[in-house]
Amino acid sequence: MSSGEVLDIAQQTVAAGAPEVSERVLLSRLRRGEPEAFEVLVREHQDRIFDFCVRMVGDREEANDLVQEIFVSVHQNVGKFREDSKLSTWIFRISKNQCINRLKYLKRRGRGRSDEYEEVGEGALSAAMGAPPTPDAALESARERARVQWAISQLEPDARMLVALRDIEGLSYDEIMEITELPEGTVKSRLHRAREKLADLLGRLEE
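Residues numbered from 1 in each chain as written. Predicted model: local features only at pLDDT ≥ 70, side-chain atom pairs only at ≥ 80, totals over all residues. Heavy atoms only, no water.

So, the overall build of the chain
Consideration 1: Helices and strands together make up the secondary structure of the chain, namely 10 helices and zero strands.
Consideration 2: The N-to-C order of helical and strand elements in the chain reads α-α-α-α-α-α-α-α-α-α.
Consideration 3: By the burial criterion, 43% of the 207 residues in the chain qualify as buried.
Consideration 4: In the chain, of all internal contacts separated by at least 6 residues, the share reaching a separation of at least 24 is 71%.
Consideration 5: Of the roughly 11,000 Å² of accessible surface on the chain, a fraction of 47% belongs to carbon and sulfur atoms. (Helix = DSSP H or I, 4+ residues; strand = E, 2+ residues; numbered from the N terminus. Buried < 20%, exposed > 50% of the residue type's maximum accessible area, 1.4 Å probe, protein only. Contact = heavy atoms within 4.5 Å. Areas by Shrake-Rupley, 256 points an atom, 1.4 Å probe, with all protein chains shown as cover.)

Things to note about helix H8 (residues 157–168)
Consideration 1: In terms of burial, H8 is a largely internal element, nine of the 12 residues being buried.
Consideration 2: Residues of H8 that are buried: Ala159, Arg160, Met161, Leu162, Val163, Ala164, Leu165, Asp167 and Ile168.

Some words on the nonpolar core
Consideration 1: Counting residues in hydrophobic clusters, the biggest one holds 51 residues, and the most contacted among them are Leu41 and Leu87.
Consideration 2: Elements supplying a minimum of two residues to this core: helix H2 (23–31), helix H3 (35–57), helix H4 (60–77), helix H5 (87–109), helix H7 (138–153), H8, helix H9 (173–180) and helix H10 (184–206).
Consideration 3: Here this core gets 12 residues from one element, more than from any other, and that element is H3.
Consideration 4: When sequence neighbours within four positions are dropped, the list of residues in contact with Leu87 reads Glu23, Leu26, Leu27, Leu30, Leu41 and Phe81. (Core = buried A, V, L, I, M, F, W, Y, C linked by side-chain atoms within 4.5 Å.)

A few points about the confidence of the model for the chain
Consideration 1: Averaged over every residue, the pLDDT of the chain is 80; residues scoring 70 or more account for 74%.
Consideration 2: Predicted confidence in the chain is weakest over helix H1 (residues 3–11), with a mean pLDDT of 46, and strongest over H9, with 95.
Consideration 3: Counting contacts from residues 5–20, a segment whose pLDDT is below 50, to residues more than four positions away or on other chains yields 23 contacts.
Consideration 4: Counting interchain partners and residues more than four positions distant, the pLDDT-below-50 stretch residues 113–125 has 39 contacts. (pLDDT = per-residue confidence, 0-100.)

Overview of the side chain of Glu169
Consideration 1: As for its position among the elements, Glu169 is in the loop between H8 and H9.
Consideration 2: If sequence neighbours within four positions are ignored, Glu169 has contacts with Arg48, Asp51, Phe52, Phe92 and Ala164.

Structural notes on H9
Consideration 1: For H9, the complete set of buried residues consists of Glu175, Ile176, Ile179 and Thr180. Down the axis of H9, the buried side of the element spans an arc of 120 degrees, and every buried residue falls inside it.
Consideration 2: In the stretch just after H9, Glu181 is the one whose phi turns positive, near 60 degrees. (Arc of directions from axis to C-beta.)

Quick look at the packing of aromatic side chains
Consideration 1: Within the structure shown, the criterion is met by two aromatic pairs.
Consideration 2: Between Phe52 and Phe92, the ring centres sit 5.6 Å apart and the planes meet at 90 degrees, which makes this aromatic pair edge-to-face. Taken together, the positions of Phe52 in helix H3 and Phe92 in helix H5 put the pair 40 residues apart, joining distant regions of the chain. Like Phe92, Phe52 is buried.
Consideration 3: When the ring centre of Tyr173 is taken as origin, the NZ or CZ atom of Arg166, which lies over that ring, is 4.1 Å away.
Consideration 4: Over the ring of Tyr173 we find Lys188, and its NZ or CZ is 4.9 Å from the ring centre. (Phe/Tyr/Trp six-rings, centres within 6.5 Å; stacked < 30°, edge-to-face > 60°. Lys NZ or Arg CZ within 6 Å of the ring centre and 35° of its normal.)

This is the structure we're talking about:
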């Protein structure tokens, strides 16, 4: 089954607004192969996964392709999910691996990052860094979003990932440890250095 066919199945009934279900019930339905369950899964997670992918690769088109590949992988491997973490954490783990692999591929191809930026999570990042709130004016807001995404794009992929998971997606340290398979001390120290680097980069832009 192609990525397009998988997402077509998932998106056929999104407009109908299926009621939310518990993760355990949803997982049971997914393992029975119910198309409606996969639709619910995609609807609940696709926006956050897309935002995460944009932050990682800095390109909306690449991020859109990644989201399709990620949910194809979820669809194909849900039977192997051991329930040793939340379903959402498992999906982020798959997303992390797909993004890192895509970045390696793009680096080999010599492709640069896009100038297209997403605005979701801007407030969360600013708050985490202690930055002033984004100006209300649309032009200034767009410029601020672009500056923040540019700064994120200058980080190494692992640091970028930690900022995206913690400061933008708001995941707990326990979840991040499960996704990255890093000890808590390593996560916190690397995140601290990433935040310092972001603050330095943003400070230079304001000079």
